[in-house]
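Residue-level structural notes
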Amino acid sequence: MIRQMRVKTNARTELIDITQAVQRLVAESGVRSGLCYLHVPHTTSGVTINENTDPNVGMDILKELNKVIPFDDKYGHSEGNSAAHIKSSLVGVSKTIMVEEGRLALGTWQAIFFCEFDGPRERRVMVKVMKD
Amino acid sequence: MIRQMRVKTNARTELIDITQAVQRLVAESGVRSGLCYLHVPHTTSGVTINENTDPNVGMDILKELNKVIPFDDKYGHSEGNSAAHIKSSLVGVSKTIMVEEGRLALGTWQAIFFCEFDGPRERRVMVKVMKD
Amino acid sequence: MIRQMRVKTNARTELIDITQAVQRLVAESGVRSGLCYLHVPHTTSGVTINENTDPNVGMDILKELNKVIPFDDKYGHSEGNSAAHIKSSLVGVSKTIMVEEGRLALGTWQAIFFCEFDGPRERRVMVKVMKD
């Protein structure tokens, strides 16, 4: 069964911590030991795992990605959001996370971030939790 | 069981839409609900998920990757294809996609692309479809 | 069951081939056909699959990543290791690898590398091997 999560983004590029929302779906699934699969069904956003303690980390990630892949660079795509498509392919649209004792088995400093590269928009994340 | 898919590439760098070919393997597997694992067994190519409606999106992705990671940059690797190895590590060589009602659970605009970074060559994609 | 692997890194940025160590855990698991999930529980390192025959490939990957994402670039994060966080999100902290006949189903030239981006440190890799 695939569960759907809604994410509302507020800026052109933004990292949104979705760890607790994903953890809730893991808890609801009743799975104690298994795997949690995440998939972002969009082509101008993504999902990453990184530090959420200092908000500057997420801001540095976005600032540097936006510098390395500029918003405008003589792209051919007429919608004007090619940079977002490129960042999506670099960061990726899916993640697989181990589940142990009913919880996401992340490192101490790790959090799951929805990555908006062409917002603000209403977005979705697909979540599938499987037991061993 | 691991299925093998052949991909013939025609240029030094190229994105090839393999969605329908992967979907056929999913259909042949008979799996209605599960997961589809893709693995590219090469070190100078990769696999990504992105938009396939406007071909300019794929061209912009390649053009920008080729700009950020130049073909020549005083690399040490004697085969002269270090840029392809680097792009392979950035884009990644594997993907996990959910399967629902016998179909790849992709977003409306999402397609699966084989990413050639050192072609033209004869390439392979390994596919494993597992039911829940 | 999640197995833990220890990795000791020796430099600020470094690729360490962990293929044999992962293969040993696959063998110990007794799984003949299945999947091997890797997860790096850190936010300034990652895991990638690439060539291990010519050590220059790994050195070129690191040199180019360190050039595209400079160590210093007016980052806001006070710990001074933002570049490592960014590289971690680009390369990724997890991999899923098929297992066949008790072995990792990698391509001829493929190896699994732990990617240190903020070393030297004592690191861990979480490994979960599941049978079909």
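For the structure itself, look to the data block above.
Structure report, in brief.

Thresholds applied
- Residues numbered from 1 in each chain as written.
- Chains lettered and ligands numbered in written order.
- Predicted model: local features only at pLDDT ≥ 70, side-chain atom pairs only at ≥ 80, totals over all residues.
- Heavy atoms only, no water.
- Pairing = 2+ DSSP bridges.
- Helix = DSSP H or I, 4+ residues; strand = E, 2+ residues; numbered from the N terminus.
- Contact = heavy atoms within 4.5 Å.
- Axes fitted to C-alpha atoms, helices over the stretch in contact; angles between N-to-C directions.
- Least-squares fit on C-alpha atoms with pLDDT ≥ 70 in both.
- Buried area = accessible area lost by both parts, 1.4 Å probe.
- Salt bridge = Lys/Arg side-chain N within 4 Å of Asp/Glu carboxyl O.
- 1 Å grid on protein atoms, 1.4 Å probe; cavity = no way out; pocket = protein on both sides within 12 Å on 5 of 7 lines; lining within 4 Å.
- Points joined across faces, edges and corners; volume = space filled by probe spheres on them.
- Nonpolar A, V, L, I, M, F, W, Y, C, P; charged D, E, K, R; others polar.
- Polar contact = N/O pair within 3.5 Å; in protein donor to acceptor, adjacent residues only side chain to side chain.

Residues and elements named next belong to chain B. Pairing in this open sheet of five strands is antiparallel, and the strands run 1-8-3-5-6 from one edge to the other. Two strands close off the open sheet at either side, each with one partner strand: strand 1 (3-8) and strand 6 (103-104). Relative to strand 8 (residues 122-131), strand 3 (residues 34-39) runs antiparallel, the two sharing six bridges. Looking across to strand 8, one finds that histidine 39 is bridged to methionine 126. Relative to strand 1, helix 1 (residues 19-29) is tilted by about 160 degrees, and along the sheet it contacts strand 1, strand 3, strand 5 (94-100), strand 6 and strand 8.

Here the focus is the relation of the copies chain A and chain B. In the superposition of chain A on chain B (RMSD 0.0 Å, axial shift 0.0 Å), the rotation amounts to 120 degrees. With respect to symmetry, the two chain copies, as superposed, fit the operation of a three-fold axis. No C-alpha of chain A approaches the rotation axis more nearly than that of leucine 90 of chain A, which lies at 3.5 Å. When the interface residues of chain A are mapped onto chain B, a mere 13% of them are again interface residues, pointing to distinct binding faces.

Attention now goes to the relation of the copies chain A and chain C. For the pair chain A and chain C, the superposition axis carries a translation of 0.0 Å, the fit reaches an RMSD of 0.0 Å, and the rotation angle comes to 120 degrees. With a heterologous cut-off of 20% or less, the 12% of interface residues of chain A that recur at the interface of chain C puts this contact in the heterologous class.

Moving on, we come to the interface of chain A and chain C. Residue-level contacts link 32 residues of chain A with 31 residues of chain C. For the pair chain A and chain C, the summed buried area comes to about 2400 Å², and 56% of that belongs to carbon and sulfur atoms. The largest contributions to the chain A side of the interface with chain C come from Asp60, Glu64 and Met98 of chain A, which together make up 24% of the buried area. Counting the contacts that link chain A with chain C gives two salt bridges.

Applying the stated criterion to the full structure yields seven cavities of 30 Å³ or more. Of the voids in this model, the largest cavity is the one considered here, and its volume is about 340 Å³. Around the largest cavity, the lining comprises 23 residues; the ones closest to its centre are Ser94 and Lys95 of chain A, Ser94 and Lys95 of chain B together with Ser94 of chain C. Looking at the lining of the largest cavity, the elements with two or more residues in it are helix 3 (82-91) and strand 5 (94-100) of chain A, helix 3 (82-91) and strand 5 of chain B together with helix 3 (82-91) and strand 5 (94-100) of chain C. The residue makeup of the lining of the largest cavity, split by class, is nine nonpolar, eleven polar and three charged. Within this model, the second largest cavity holds a volume of roughly 90 Å³. Surrounding the second largest cavity, Leu65, Val68, Ile69 and Leu90 of chain A, Leu65, Val68, Ile69 and Leu90 of chain B together with Leu65, Val68, Ile69 and Leu90 of chain C form its lining.

Here the focus is the interface of chain A and chain B. Contact residues are listed per partner, giving 31 residues for chain A and 32 residues for chain B. Carbon and sulfur atoms make up 55% of the area that chain A and chain B hide from each other, which totals about 2400 Å². In this assembly, chain A and chain B are joined by two salt bridges. Across the pair aspartate 73 of chain A and lysine 67 of chain B runs a salt bridge whose closest N-O atoms are separated by 2.5 Å. Scanning the region where chain A abuts chain B turns up 17 residue pairs in polar contact (both at pLDDT 80 or more). If you list the elements that add at least two residues to the side of chain A that touches chain B, you get strand 3 (34-39), helix 3, strand 5 and strand 8 (122-131) of chain A.

Before going further, it helps to examine unusual backbone geometry. Here glycine 119 of chain A and proline 120 of chain A are connected by a cis peptide whose omega angle stands at 0 degrees. On the secondary structure map, proline 120 of chain A appears in the loop between strand 7 (110-116) and strand 8. Positive phi outside glycine occurs at lysine 74 of chain B, with the angle close to 55 degrees. Along the polypeptide, lysine 74 of chain B turns up in the loop between helix 2 (55-68) and helix 3. One non-glycine residue, glutamate 101 of chain C, lies in positive phi territory at about 50 degrees. Along the polypeptide, glutamate 101 of chain C turns up in the loop between strand 5 and strand 6 (103-104).

Interpretation in functional terms is not warranted from these geometric data alone.
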